[in-house]
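Per-entry structural report
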Amino acid sequence: MTFKVVIPARYASSRLPGKPLLDIAGKPMVVRVVEQAVASGATEVVVATDHERIRDAVAAYGYDVVMTRPDHASGTDRIAEVVQKQGWSDNAIVVNVQGDEPLIDPRLIEEVANNLSTHIEAAMATACHALHDTPSILNPNIVKVVLDHQGHALYFSRAPIPYPRDAFAANQDIPTNMPIYRHIGIYAYRAGFLRAYAALTPSAIEHFESLEQLRVLWHGYKISVEITEKAPAAGVDTEADLAYVRSVVINHENKPL
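Here the structure is a predicted model, which means the values were calculated and not measured.

Details of the overall build of the protein
When helices and strands are counted, the protein shows ten helices and eleven strands. Taken against the 2.2 N^0.38 rule, which gives 18 Å for 257 residues, the C-alpha radius of gyration of the protein at 18 Å falls within 12% of a compact globule. Burial statistics for the protein: of 257 residues in total, 48% are counted as buried. Across the protein, every contact between residues at least 6 apart in sequence was considered, and the portion connecting residues at least 24 apart equals 67%. Working note: accessible area of the protein is about 12600 Å², and carbon and sulfur atoms make up 51% of it. Mean positive and mean negative side-chain charge positions of the protein (23 and 30 charges, respectively) differ by 2 Å.

Focus: the packing of aromatic side chains
Two aromatic rings, taken as a pair, are described by how far apart their centres are and by the angle between their planes. In the structure shown here, the tally under the stated rule is four aromatic pairs. The interplanar angle of 90° and the centroid separation of 5.2 Å between the aromatic rings of Tyr 163 and Phe 168 together place this pair among those described as edge-to-face. Owing to a relative accessible area of 51%, Tyr 163 belongs among the exposed residues under this scheme. With a relative accessible area of 16%, Phe 168 lands in the buried category. Taken together through their ring pairs, the aromatic side chains of Phe 193, Tyr 197 and Tyr 221 make up a single cluster.

Here we look at the side chain of His 129
With respect to the helices and strands, His 129 occurs in strand β7 (residues 124-130). Dropping the residues within four chain positions of it, His 129 is found in contact with Ile 180, Tyr 181, Arg 182, Ile 184, Thr 228, Lys 230, Ala 231 and Pro 232.

Topic: helix α1 (residues 29-39)
Every buried residue of α1 is accounted for by Met 29, Val 30, Val 31, Arg 32, Val 33, Val 34 and Ala 37. Positioned one or two residues after α1, Gly 41 has a phi angle of 95°, which is positive.

Things to note about the pattern of salt bridges
Under the criterion given, the structure shown has 13 salt bridges. In this structure, the salt-bridge partner of Arg 32 is Glu 253, at a minimum N-O distance of 2.5 Å. Here Arg 32 is found in helix α1, whereas its partner Glu 253 is found in helix α10 (residues 239-253), with 221 residues between them in sequence. With its nearest N and O atoms 2.6 Å apart, the salt bridge here joins Arg 195 to Asp 90. On the criterion of sequence distance, the pair formed by Arg 195 in helix α7 (residues 191-197) and Asp 90 in the loop between α3 (75-86) and β6 (93-96) is long-range, its members being 105 residues apart. For Arg 195, a relative accessible area of 29% translates into the label partly exposed. Here the residues in one salt-bridge network are Lys 27, Arg 32, Glu 35 and Glu 253, joined through shared partners.

Points about the nonpolar core
Within the largest apolar cluster, 33 residues are counted, with the highest numbers of intra-cluster contacts made by Trp 88, Val 94, Phe 156 and Phe 193. If near-sequence neighbours (up to four positions away) are discounted, Phe 156 is found in contact with Thr 126, Val 143, Lys 144, Val 145, Ile 161, His 183, Glu 209, Leu 211, Gln 213, Leu 214, Leu 217 and Ile 223.

Focus on the environment of Glu 253
Take Glu 253: its relative accessible area is 42%, and that puts it in the partly exposed class. Residues Glu 253 and Asp 105, 148 residues apart in the sequence, show an inter-C-alpha distance of 16 Å. Discounting residues that sit within four places of it in the chain, Glu 253 has contacts with Ala 25 and Arg 32. A distance of 2.5 Å separates a polar atom in the side chain of Glu 253 from a polar atom in the side chain of Arg 32.

Here we look at the pairing of β7
Look at any regular strand and the pattern is simple: side chains alternate between the two faces of the sheet. Most of β7 sits inside the fold, with six of its seven residues counted as buried. Here β7 pairs with strand β10 (residues 181-190) via six bridges, running antiparallel. Following the sheet pairing, Ala 130 is matched in β10 by Tyr 181. Relative to strand β11 (residues 223-227), β7 runs parallel, the two being bridged by five bridges. Paired with Ala 127 across the strands is Glu 226, a residue of β11.

Regarding unusual backbone geometry
For the peptide bond that leads from Ile 161 to Pro 162, omega is -15°, which places it in the cis range. Looking at the element boundaries, Pro 162 is found in the loop between β9 (153-157) and α6 (165-169).

Some details on the side chain of Gln 213
Relative to the helices and strands, Gln 213 resides in the loop between α8 (204-209) and α9 (214-218). In terms of polar contacts, Gln 213 uses its side chain to reach the side chain of His 183, at 3.5 Å. In this structure, Gln 213 is in contact with Val 143, Phe 156, His 183, Tyr 187 and Ile 223, ignoring residues within four places of it in sequence.

Rules used throughout
Residues numbered from 1 in each chain as written. Predicted model: local features only at pLDDT ≥ 70, side-chain atom pairs only at ≥ 80, totals over all residues. Heavy atoms only, no water. Helix = DSSP H or I, 4+ residues; strand = E, 2+ residues; numbered from the N terminus. Rg over C-alpha atoms; globule rule 2.2 N^0.38 Å. Buried < 20%, exposed > 50% of the residue type's maximum accessible area, 1.4 Å probe, protein only. Contact = heavy atoms within 4.5 Å. Areas by Shrake-Rupley, 256 points an atom, 1.4 Å probe, with all protein chains shown as cover. Lys, Arg positive; Asp, Glu negative; His and termini not counted. Charge placed at Lys NZ, Arg CZ, Asp CG, Glu CD. Phe/Tyr/Trp six-rings, centres within 6.5 Å; stacked < 30°, edge-to-face > 60°. Salt bridge = Lys/Arg side-chain N within 4 Å of Asp/Glu carboxyl O. Core = buried A, V, L, I, M, F, W, Y, C linked by side-chain atoms within 4.5 Å. Polar contact = N/O pair within 3.5 Å; in protein donor to acceptor, adjacent residues only side chain to side chain. Pairing = 2+ DSSP bridges.

This is how it looks when you write it as structure tokens:
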């Protein structure tokens, strides 16, 4: 099984301007992400950006980068442009790794790519892990996913799904036998689907939930979901996140061999 990784990296960020270029133990964040992607065993790793500074920083480390339009509505659209420019075949598997996740586990990247490779009926694959605490289930910043018996996504939501009606009515915790999964925002696509994605009209549920992947379900495509035991590592959205990631990388690199 072979696969490629594309890392969308925009310069603009409301909380952390120039986020992909922020220093993490001597290297730009986006370069740290590239290193994790390379460790996954991908045959190609490409950064997709709209800014010359990011292009130059990635190229300085010898990695591949593609300049893309600045007006893309989503990372998926940006990746679709890369697929076109690179001329990848429709059957190529392309994994979307976010440019602000320098601690992403390379094994998770490989797992999601392998999931799509073995589920030929699916246009996409993603990942989830089990939730066990009520505050996380009620947190709208944590996206939940419900699966069918074949491991395909039925729905994604910021609401608690499935909803344990009787337990919550009795002020009880989540039933221990109830499967509730947190969606992990990593995606694998077939390149042919990415070419078709650009023509898909947005859906109302996508707008209300603010979840781009609902467009795929609304149009009738299947999304296969890998259930992983590994909770996702922290991404970088705030200064506190950045400080934490820096400490993790520094501690790891200072460990004796």
